[in-house]
Amino acid sequence: MPAIALLGAQWGDEGKGKATDLLGEQVDFVVKFNGGNNAGHTIVVGEEKYALHLLPAGVLTPGVTPVIGNGVVIDLGVLFSEIDAMTARGVDCSKLIVSANAHVITSYHVLMDKVGERFLGKSKIGTTGRGIGPAYADKMSRIGVRIQDLFDEKILRAKVEGALANKNQVLVKVYNRKAVTVDSVVDELLTYADRLRPMVADTSLLLCQALDAGKVVLLEAGQATMLDVDHGTYPFVTSSSPTAGGACIGSGIPPTRIDRVAAVVKAYATRVGEGPMPTELLDAQGDRLRDVGGEFGTTTGRPRRCGWYDAVVARYAARINGVTDFVLTKLDVLTGIEEIPVCTGYRLGGTVLDEMPMTQTEFHHAQPVYETFPGWEDDISAARSMEDLPKAARGYIEALESISGAPMSVIGVGPGRDETIVVRPLV
Ligand code: GDP
Ligand code: IMO
Ligand code: MG
């Protein structure tokens, strides 16, 4: 059986968690392949609402094996708190498997993230402050601590010493902070080792064997295409690869085994943190989208920047990821808007572009070109098929489909598991 990648087409918070949860019963493994607890996925099941950060959304479906892949950076304190909180609510986390090659976010990564942002001042990225960037920087600099290092105290100490040698110089001399002691870090990490050990495996081997045995593997992204460190709005991005290529790197599943790439896209656009967003609305319309859509961060509680659907971004995501299906979410939030603008291109000087500009400077200056579509008044949250939708809502979906580069296979009309229209099943 094939693997399916499920990722974000915009700047995150598209509803990836809900989409994963929706597929829960049809898949055997759900793998988080990138990012860490910068992610925040809110999932509503009946009367219950869950906010997941490190655990793959598949944990909510009995029968699914949740996996944290090698591409993830793990804050172990956060992981165990999340497991404990979910267990206390009756969610079985006992099947969780963690890659031996995943990197560890330590206390000095969180510290470096926070002081680094402060130091950047006006040029800050607006990170989630969870230590993501510094942990990935250490991984790439080959001074990171991996999950497997926790099982050999001598190696762990040597690695932490190596990582801190340079950082302590910077912390003391540049940031005017106290040095971090090797002992404090090693002692904290060792407290997790015994509890962690039974969960750890060679997850690439395990997942490829599962595929050989006919199991269905869903690769669930954190963040999104426009936050990708290579393909996003650099430097206002995260430090991992939330795109389809990253799904292979971060899980150890080869590209030839992925035959479906589903991208979750909101019926409008949101972004948290700094960086360009051509369709951002700084007026009452933006406030309306934020209020009706409940656009406040699951992780940091920050208000999300809101704007109209950007088809240039959607088409770009379709191309970069080889999207086979879009999952269109939050269509219900647009109910009651008389005329709905959609950005179809960018005006730059005297020209109109229908592709992402080549440079960041151009993207900063891109002015959205809008086409407007008629809205609808009737509540659509009870719709379960396309025929249940008002004609104008169907027209809006068809319009997005024709300019976004892939079919709208699933439509979200509310946060609940069942508040969904499945046009073409993803599995
Ligand atoms: P993720 O990070 O991509 O998983 O998305 P978040 O969970 O951060 O943000 C998406 C929010 O939208 C969550 O609060 C979801 O419960 C909610 N949501 C998802 N799909 C829909 C939908 O179709 N309609 C509405 N109204 N809310 C939705
Ligand atoms: P989910 O998985 C939205 C943003 C931050 C910041 C930038 C870098 O819920 O969609 P980082 O802490 O990663 O170094 O921050 O990326 N960001 C997200 N925005 N949704 C997310 O995750 C995000 N994870 C990071 O706001 O602009
Ligand atoms: Mg989120």
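Bear in mind the structure is a predicted one, so any value in this text is a computation, not a measurement.

Caption draft 1: Examining the sheet that holds strand β19 (residues 408–412) more closely. In spatial order, the strands read β9-β7-β5-β2-β10-β1-β11-β15-β19-β20; together these 10 strands make up an open sheet with mixed pairing. Looking along the sheet, the strands with just one partner apiece sit at the ends: β9 (200–201) and β20 (420–422).

Caption draft 2: Here's a closer look at the site of ligand 1. Near ligand 1 you find 18 residues, and of these K16, G17, G40, T42 and D332 are the closest. At 2.7 Å from an oxygen atom of ligand 1 is found a main-chain nitrogen or oxygen belonging to T42. Within the contact set of ligand 1, a nitrogen atom lies 3.2 Å away from a backbone nitrogen or oxygen of G414. Compared with its free state, where it exposes 580 Å², ligand 1 has 92% of that area covered by protein. Here ligand 1 occupies the second largest pocket. Secondary-structure elements contributing two or more residues to the shell around ligand 1 are α1 (16–23) and β3 (41–45). Residue contributions to the shell around ligand 1 peak at three residues, all from α1. Looking at side-chain class alone, the shell around ligand 1 contains two nonpolar, nine polar and seven charged residues.

Caption draft 3: Structural detail: the coordination of the magnesium ion (ligand 3). In the first shell of the magnesium ion (ligand 3), the protein supplies D13 (OD) and G40 (O), at 2.0 to 2.1 Å from the metal. On the criterion of sequence distance, the pair formed by D13 in the loop between β1 (3–8) and α1 and G40 in the loop between β2 (29–32) and β3 is long-range, its members being 27 residues apart. With relative accessibility at 11%, the residue G40 sits in the buried group.

Caption draft 4: Quick peek at the site of ligand 2. The local shell around ligand 2 holds 20 residues, among which K16, N38, T128, Q223 and T238 are the closest. Here N38 contributes a side-chain N or O atom positioned 2.8 Å from an oxygen atom of ligand 2. Within the contact set of ligand 2, an oxygen atom lies 2.6 Å away from a side-chain nitrogen or oxygen of T128. Protein contact buries 98% of the 550 Å² of open area that ligand 2 shows by itself. Partitioned by chemical class, the residues of the shell around ligand 2 number six nonpolar, 11 polar and three charged.

Caption draft 5: Just the nonpolar core, in detail. Core analysis: the largest hydrophobic core is formed by 60 residues, its most contacted members being Y309, F326, L328, L331 and Y396. The greatest single-element share of this core, amounting to six residues, is contributed by helix α12 (residues 391–404). Counting 43 residues, the second-largest nonpolar core is a separate cluster that includes L54, I74, M86 and V91.

Caption draft 6: Structural view of the domain arrangement of the protein chain. Assigned domains of the protein chain: these are domain 1 (3–93 + 202–422) and domain 2 (103–196). Computed over C-alpha atoms, the centres of domain 1 and domain 2 are 29 Å apart. At the junction of the two partners, domain 1 supplies 27 residues and domain 2 supplies 22 residues. Buried surface at the junction of domain 1 and domain 2, both sides included, amounts to about 2000 Å², of which 60% is carbon and sulfur. Residue E274 pairs with K124 through a salt bridge whose shortest N-O separation is 3.9 Å. Where domain 1 touches domain 2, the interface holds nine residue pairs in polar contact (both at pLDDT 80 or more). Listed by contribution, the elements that provide at least two residues to the side of domain 1 that touches domain 2 are β6 (73–74) and α2 (76–88). Broken down by class, the residue content of the side of domain 1 that touches domain 2 amounts to nine nonpolar, 14 polar and four charged.

Caption draft 7: Molecular detail of empty space enclosed by the protein. In total, this model carries one cavity of 30 Å³ or more according to the counting rule given. Of the voids in this model, the largest cavity is the one considered here, and its volume is about 40 Å³. Its residues assigned to classes, the lining of the largest cavity shows four nonpolar, two polar and two charged.

Caption draft 8: Structural detail: the packing of aromatic side chains. Taken as a whole, this structure holds four aromatic pairs when the rule is applied. With a centroid separation of 5.8 Å and 65° between ring planes, the pair formed by Y346 and F363 is classed as edge-to-face. Note that Y346 is positioned in strand β16 (residues 339–348) and F363 in helix α11 (residues 360–365), a separation of 17 residues in sequence. On the accessibility criterion, F363 (3% relative accessible area) is buried. With centroids separated by 6.1 Å and ring planes inclined at 50°, the aromatic side chains of W376 and Y396 adopt a geometry described as tilted. Taken together, the positions of W376 in the loop between β18 (367–374) and α12 and Y396 in helix α12 put the pair 20 residues apart, joining distant regions of the chain. As far as the burial class goes, W376 and Y396 line up, both buried.

Thresholds applied
Residues numbered from 1 in each chain as written. Chains lettered and ligands numbered in written order. Predicted model: local features only at pLDDT ≥ 70, side-chain atom pairs only at ≥ 80, totals over all residues. Heavy atoms only, no water. Pairing = 2+ DSSP bridges. Helix = DSSP H or I, 4+ residues; strand = E, 2+ residues; numbered from the N terminus. Near = heavy atom within 4 Å. Polar contact = N/O pair within 3.5 Å; in protein donor to acceptor, adjacent residues only side chain to side chain. Areas by Shrake-Rupley, 256 points an atom, 1.4 Å probe, with all protein chains shown as cover. 1 Å grid on protein atoms, 1.4 Å probe; cavity = no way out; pocket = protein on both sides within 12 Å on 5 of 7 lines; lining within 4 Å. Sits in = over half its atoms within 2 Å of the grid points. Nonpolar A, V, L, I, M, F, W, Y, C, P; charged D, E, K, R; others polar. Donors = N, O, S within 2.8 Å, 3.2 Å for Na, K, Ca; no water. Buried < 20%, exposed > 50% of the residue type's maximum accessible area, 1.4 Å probe, protein only. Core = buried A, V, L, I, M, F, W, Y, C linked by side-chain atoms within 4.5 Å. Domains from an automatic or database assignment. Contact = heavy atoms within 4.5 Å. Buried area = accessible area lost by both parts, 1.4 Å probe. Salt bridge = Lys/Arg side-chain N within 4 Å of Asp/Glu carboxyl O. Points joined across faces, edges and corners; volume = space filled by probe spheres on them. Phe/Tyr/Trp six-rings, centres within 6.5 Å; stacked < 30°, edge-to-face > 60°.

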